[in-house]
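Results of the structural survey
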Amino acid sequence: MEEMKDIVLKYVIKEYIDEEDVEINYETPLISSGYVDSFSMVSLLVFLENKFKIKIPPSKATPEAFDSVNNIVSLVSQYLK
């Protein structure tokens, strides 16, 4: 689980965090703080599905489910075989 959290956190930082001095962790609000927008959420969903070989139903890909690394990992874990 920790490895998955690190993978997701590194991806989010690399893809969506522009400012050098911003520090985010597993609990940092991503969507409600504006780090990840709806367009970015779609690319994050595609990354997760490809990386972990899963399919997340659109009804489960909510802003709340994507609002922190911990929430994302919890969502992904539901669909791992």
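Right above here is the structure, for reference.
Throughout what follows, the structure given in this document is the object of discussion. Along each chain, residue indices are assigned from 1 in the same order as the chain's sequence is written. With pLDDT at 70 or above as the cut-off, local features in this predicted model cover only qualifying residues; side-chain atom pairs require 80 or more to be listed or tallied, and sums for whole chains, interfaces and linings still use all residues. Side-chain numbers come from the whole structure's heavy atoms, not from hydrogens or water.

In this section: the pattern of salt bridges. Salt bridges are defined by distance alone: a side-chain nitrogen of Lys or Arg within 4 Å of a carboxyl oxygen of Asp or Glu. Tallying each qualifying case throughout the model produces 3 salt bridges. Here Lys5 ties to Glu2 by a salt bridge, and the two come within 3.7 Å at their closest N and O atoms. Of this pair, Lys5 and Glu2 both sit in helix α1 (residues 2-16), 3 residues apart, which is roughly one turn of the helix. Look at Lys5 and you get buried, because its relative accessible area is 16%. Only runs of H or I of at least four residues qualify as helices and only runs of E of at least two qualify as strands under DSSP, and these elements are numbered from the N terminus. Summary of the burial criterion: residues with accessible area below 20% of their type's maximum are buried, those above 50% are exposed, and those between are partly exposed, where the area comes from a 1.4 Å probe applied to protein chains only.

The axes of two packed helices give the description: the angle between them and the distance between them. Axes, fitted as lines to C-alpha atoms, cover a helix only where it is in contact. Angles between the N-to-C directions of the axes lie from 0 to 180 degrees. As a packed pair, α1 and helix α3 (residues 69-79) sit with axes 10 Å apart at the nearest point and diverge in direction by 120 degrees. The angle between α1 and α3 falls in the class oblique. As for the relative orientation of α1 and α3, their crossing is right-handed in sense. Contacts from Met4, Lys5, Val8 and Leu9 in α1 reach Val69, Asn70, Ile72, Val73, Val76 and Ser77 in α3. Tallied by class, residues from the contact of α1 with α3 come to 7 nonpolar, 2 polar and 1 charged. These descriptions rest on fixed angle ranges, namely under 35 degrees for roughly parallel, over 145 for roughly antiparallel, 65 to 115 for roughly perpendicular, and the rest for oblique. When the near helix sits turned anticlockwise from the far one by under a right angle, the crossing is termed left-handed; a clockwise turn instead gives a right-handed crossing. Two residues form a contact once any of their heavy atoms are found within 4.5 Å. Any residue that is not Ala, Val, Leu, Ile, Met, Phe, Trp, Tyr, Cys, Pro, Asp, Glu, Lys or Arg is counted as polar, Gly included; the first ten are nonpolar and the last four charged.

Now for the nonpolar core. In a soluble, globular protein the nonpolar side chains are often hidden away together inside. One finds Val8, Leu44, Leu48, Phe66, Ile72 and Val76 to be the most contacted residues of the largest nonpolar core, which totals 27 residues. Breaking this core down by element, the ones donating at least two residues are α1, α2 (38-52) and α3. In this structure Val76 touches Met4, Leu48, Phe52, Ile54 and Ile56, once residues within four positions along its chain are discounted. As used in this record, nonpolar core signifies buried Ala, Val, Leu, Ile, Met, Phe, Trp, Tyr and Cys residues forming a set joined through side-chain atoms within 4.5 Å.

We now examine α3. If you check which residues of α3 are buried, you get Val69, Asn70, Ile72, Val73, Leu75 and Val76. For α3, the elements touching its buried residues are α1 and α2.

Coordinates in, geometry out; function isn't part of it.
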